[in-house]
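Listed below are the residues making up each chain.
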Amino acid sequence: MKNSLSRSLQAVSGGARSQLQSRIQGAVITPADPEYNPARQAWNLSVDQHPALIVLAEEAGDVAAAVQYAVENELNISVQATGHGLAQPAEGTLLVVTSRMKSIRVDTAARTAWIGAGAKWGEVLAQTQPVGLAPLLGSSPDVGVVGYTLGGGYGWLGRKFGLAADSVRFFELVTADGHTLRASAEENSDLFWGLRGGGGSLGIVTGMVIDLYPITTVYGGNLFYPIQAAREVMARYREWIATVPDELTSSVVLMNFPPIPLVPEPLQGQSFVMVRGCHCGPSAEGQALLQPWRDWRAPFIDDFKEMPFGEVGTISNDPVDPLPVFSTGAWMKALPDTAVDVLVRHGTAGDGPPPLLMTEVRHVGGAVARGRSQAGAFGNREAELLLFMVGLTPTPDAYGALARYTQQVKERLGPFLTGGVYMNFLEGQEARLRAKDGFPPENYARLIQLKRDYDPHHRLRSGFLG
Ligand SMILES: Cc1cc2nc3c(=O)[nH]c(=O)nc-3n(C[C@H](O)[C@H](O)[C@H](O)COP(=O)(O)OP(=O)(O)OC[C@H]3O[C@@H](n4cnc5c(N)ncnc54)[C@H](O)[C@@H]3O)c2cc1C
């Protein structure tokens, strides 16, 4: 500890800092600089991190120079694009922030795009939709493309086209010893396998080429029902998804809107059960699939409509401004009435305000289940239901309390969970402790071996493999 502290102090001394700055295009920031606090902030305000040095990289060469500097100075390394999903805070490390590396180049004929490490999904959408193509983003256009994809990446086109990780042609990365290389099915294929769902522990990705799909219009939105109907809606949802085609990706959500101005007035402080979805086939077919719900009971709000795919982020309307949150999740075997009962009792207000903002069960299967499991590290493809729980955690105590609360919910759901986890929905300590449940045992063992091979000194510290 003492050694690493003195190394950190040496690393940020004036001479050392100007030595690094002379090697890179981007900015080098030390704890003494006024830019330090904004630069160390993550989107998730519950993360409080104090890197020894921050490099705001402009290009791949900056990432390589920063890593080489870290190697020379025996510093550990972290990487962050947006700070939506950190498994470890950057404490005393050299933090490479990729958010300036936003280059996006679309090849319309090949239906692919080159994506720089700092691009967010919304920025990719803005460039691909005008040429009639769609990427496999998730619920939030504000999430970083690379971090999302390294964890698997399940979004609104997921049942039709699979995981984002399955749609990567190649990655370019800087390894923990500072070498730049390409990982594809042909080159460094072991690393390519590990990066497809195995997270960001094996190197710093500087960019990648992904496949795009010909989708410009979808039929998507939400049906809001009163929270009192939660048990009925969840039970109906279970029956309904057994009948829907892969064009429809959907979820059922217990939502507790906080009483804050960010939320539209009629929803402030209100709870609803919502059926949420996105249909990427003909709109009339999407409408027909929703009809049984409308025939059953008129929703309080029905905002399903045909929309440009560029507006797909409005379906979940995830917050954009930084927030203090805790999130967790689990793969589910089934959603019988007993499991519904646990989710409703813990996901909605009891005697006091509900601790969870959102409890969502997503329907997976389809192209995710059919994806070639040997092509990448990603595991748990066979489970069809994915639980995601999120709550606001304004203080460290609130963070700890919500972690314990959701742990209890998962224990009560025990028989209905597969025991597997989706790494993108875990964060912090839980992501590190449960990483082995994110993969089949043989994949996890192979990932650990890859970590030893590509990062023998365990320098890269931000991923869930430690
Ligand atoms: C509001 C919200 C909505 C979400 N919706 C979905 C969803 O619909 N589907 C889904 O699958 N996930 C979803 N997620 C989870 C999200 O995909 C993960 O949190 C993801 O890790 C975020 O990536 P990031 O780059 O934005 O975040 P960061 O916190 O910057 O990065 C997260 C981790 O990714 C790795 N990483 C990032 N960049 C690099 C790089 N260049 N090289 C190597 N490793 C890197 C690092 O390990 C880093 O710790 C959501 C999260 C939030 C907060």
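Note that residues are indexed from 1 along each chain, following the sequence as it is written. Owing to the predicted nature of the model, reporting of local features is limited to residues with pLDDT of at least 70; listing and counting of side-chain atom pairs is limited to 80 or more, with chain, interface and lining totals taken over all residues. Side-chain measures were taken over the full set of non-hydrogen atoms in the model, leaving aside hydrogen atoms and water.

1. Points about the overall build of the chain
Assigned secondary structure in the chain consists of 15 helices and 17 strands. Relative to the 2.2 N^0.38 estimate, which gives 23 Å for 466 residues, the radius of gyration of the chain is 22 Å and therefore close to what a compact globule would have. If one aligns the C-alpha atoms of the chain with their principal axes, the spans along those axes are about 70 × 55 × 45 Å. Only protein chains enter the accessibility calculation, which uses a 1.4 Å probe. A residue is then buried if its area is under 20% of the maximum for its type, exposed if over 50%, and partly exposed in between. The burial tally for the chain puts 56% of its 466 residues in the buried class. We call two residues contacting when some pair of their heavy atoms lies within 4.5 Å. By sequence separation, contacts in the chain at least 24 residues apart represent 73% of the contacts at least 6 residues apart. Using a 1.4 Å probe, accessible areas were evaluated by the Shrake-Rupley method; residue-level cover was limited to the displayed protein chains. Carbon and sulfur atoms make up 53% of the accessible area of the chain, which totals about 18500 Å². The charged-residue count follows a simple rule in which Lys and Arg add positive charge and Asp and Glu add negative charge, with His and chain termini not counted at all. Where a charge lies is defined by one atom per residue type, namely NZ (Lys), CZ (Arg), CG (Asp) and CD (Glu). If you average the places of the 39 positive and of the 46 negative side-chain charges in the chain, the two averages end up 4 Å apart. Numbering of helices and strands runs from the N terminus, with a helix taken as a DSSP run of H or I at least four residues long and a strand as a DSSP run of E at least two residues long. Each radius of gyration reported is based on C-alpha atoms, and the globular scaling rule is 2.2 Å times the count of residues to the power 0.38.

2. Overview of the site of the ligand
Summary of the distance rule: residues count as near a molecule or strand when at least one heavy atom falls within 4 Å of that molecule or strand. Taken together, 32 residues lie around the ligand, and Ala81, Thr82, Gly144, Val205 and Tyr422 are the ones closest in. One of the backbone N or O atoms of glycine 85 is found 2.8 Å from an oxygen atom in the ligand. Arginine 362 is positioned with one of its side-chain polar atoms (N or O) 3.0 Å from an oxygen atom of the ligand. Here the ligand has 950 Å² of accessible area as a free molecule, and 94% of this is covered by the chains. Breaking the shell around the ligand down by element, the ones donating at least two residues are strand 3 (77-80), helix 6 (145-150) and strand 9 (204-211). In terms of residue count, the dominant contributor to the shell around the ligand is helix 6 (four residues). By the convention adopted, Pro, Cys, Tyr, Trp, Phe, Met, Ile, Leu, Val and Ala count as nonpolar, Lys, Arg, Asp and Glu as charged, and the other residues, Gly among them, as polar. Of the residues contributing to the shell around the ligand, the split by class is 14 nonpolar, 16 polar and two charged. Within 3.5 Å is the distance limit for a polar contact, defined as a pair of N or O atoms, with the added protein rule that one can donate a hydrogen and the other accept it, and that residues adjacent in sequence qualify only through two side-chain atoms.

3. Regarding the packing of aromatic side chains
Ring pairs (aromatic) are described by centroid distance and by the angle formed between their planes. For Phe, Tyr and Trp, where Trp contributes only its six-membered ring, two rings pair if their centres lie within 6.5 Å, and the inter-plane angle classes them as stacked under 30 degrees, edge-to-face over 60, or tilted in between. Here the structure, examined in full by the defined rule, presents 19 aromatic pairs. Ring centres of phenylalanine 161 and tyrosine 213 lie 4.3 Å apart, and the angle between their planes is 20°; on these two criteria the pair is classed as stacked. Taken as a pair, phenylalanine 161 in helix 7 (residues 158-161) and tyrosine 213 in the loop between strand 9 and strand 10 (217-226) lie far apart in primary sequence, 52 residues in all. Members of the aromatic cluster, each reached through a chain of ring pairs, are Tyr225, Tyr237, Trp240, Trp293 and Trp296. Positioned above the aromatic ring of phenylalanine 170 is the side chain of arginine 182, whose terminal nitrogen or guanidinium carbon lies 3.7 Å from the ring centre. Each ring is checked for a lysine NZ or an arginine CZ that lies within 6 Å of its centre and within 35 degrees of its normal; such an atom marks a charge sitting over the ring. The residue whose ring lies beneath arginine 446 is tryptophan 193, and the NZ or CZ to ring-centre distance is 3.8 Å.

4. Brief notes about the domain arrangement of the chain
Each domain's extent was defined by an automatic or database domain assignment. Domain boundaries in the chain define domain 1 (2-97), domain 2 (104-214 + 441-454) and domain 3 (217-429). Taking only C-alpha atoms into account, the centre of domain 1 sits 36 Å from that of domain 3. Summing both partners gives a buried area of about 730 Å² for domain 1 against domain 3, and 51% of it is carried by carbon and sulfur. Of all residues in domain 1, the largest losses of buried area upon contact with domain 3 belong to Trp43, Asn44 and Ser46, amounting jointly to 61% of the total for that side. Throughout this description, the term salt bridge denotes a Lys or Arg side-chain nitrogen within 4 Å of a carboxyl oxygen of Asp or Glu. Linking domain 1 with domain 3 are zero salt bridges, by the criterion used here. Accessible area that two parts lose when put together, evaluated with a 1.4 Å probe and summed over both, is termed the buried area.

5. Describing the environment of glycine 350
Relative to the helices and strands, glycine 350 resides in the loop between helix 11 (337-347) and strand 16 (358-363). Separated by 41 residues in the primary sequence, glycine 350 and phenylalanine 309 place their C-alpha atoms 38 Å from one another.

6. Notes on the nonpolar core
In globular proteins that are soluble, nonpolar side chains generally tend to be buried together. Working definition of a nonpolar core: buried Ala, Val, Leu, Ile, Met, Phe, Trp, Tyr and Cys residues. They are joined through side-chain atoms within 4.5 Å. With 54 residues, the main nonpolar core has Leu195 and Phe309 as its most contacted residues. Contributing elements (two or more residues each) for this core: strand 6 (112-116), helix 5 (121-128), helix 6, strand 7 (168-174), helix 8 (189-195), strand 9 and helix 15 (441-454). A domain-level breakdown of this core finds at least three residues from each of domain 2 (104-214 + 441-454) and domain 3 (217-429). Those residues in contact with phenylalanine 309 that lie beyond four places of it in its chain are Leu125, Gln129, Ala134, Pro135, Leu137, Leu157, Ile215, Thr216, Thr217 and Val218. Core analysis: the second largest hydrophobic core is formed by 40 residues, Leu289, Phe304, Phe326 and Leu413 among them.

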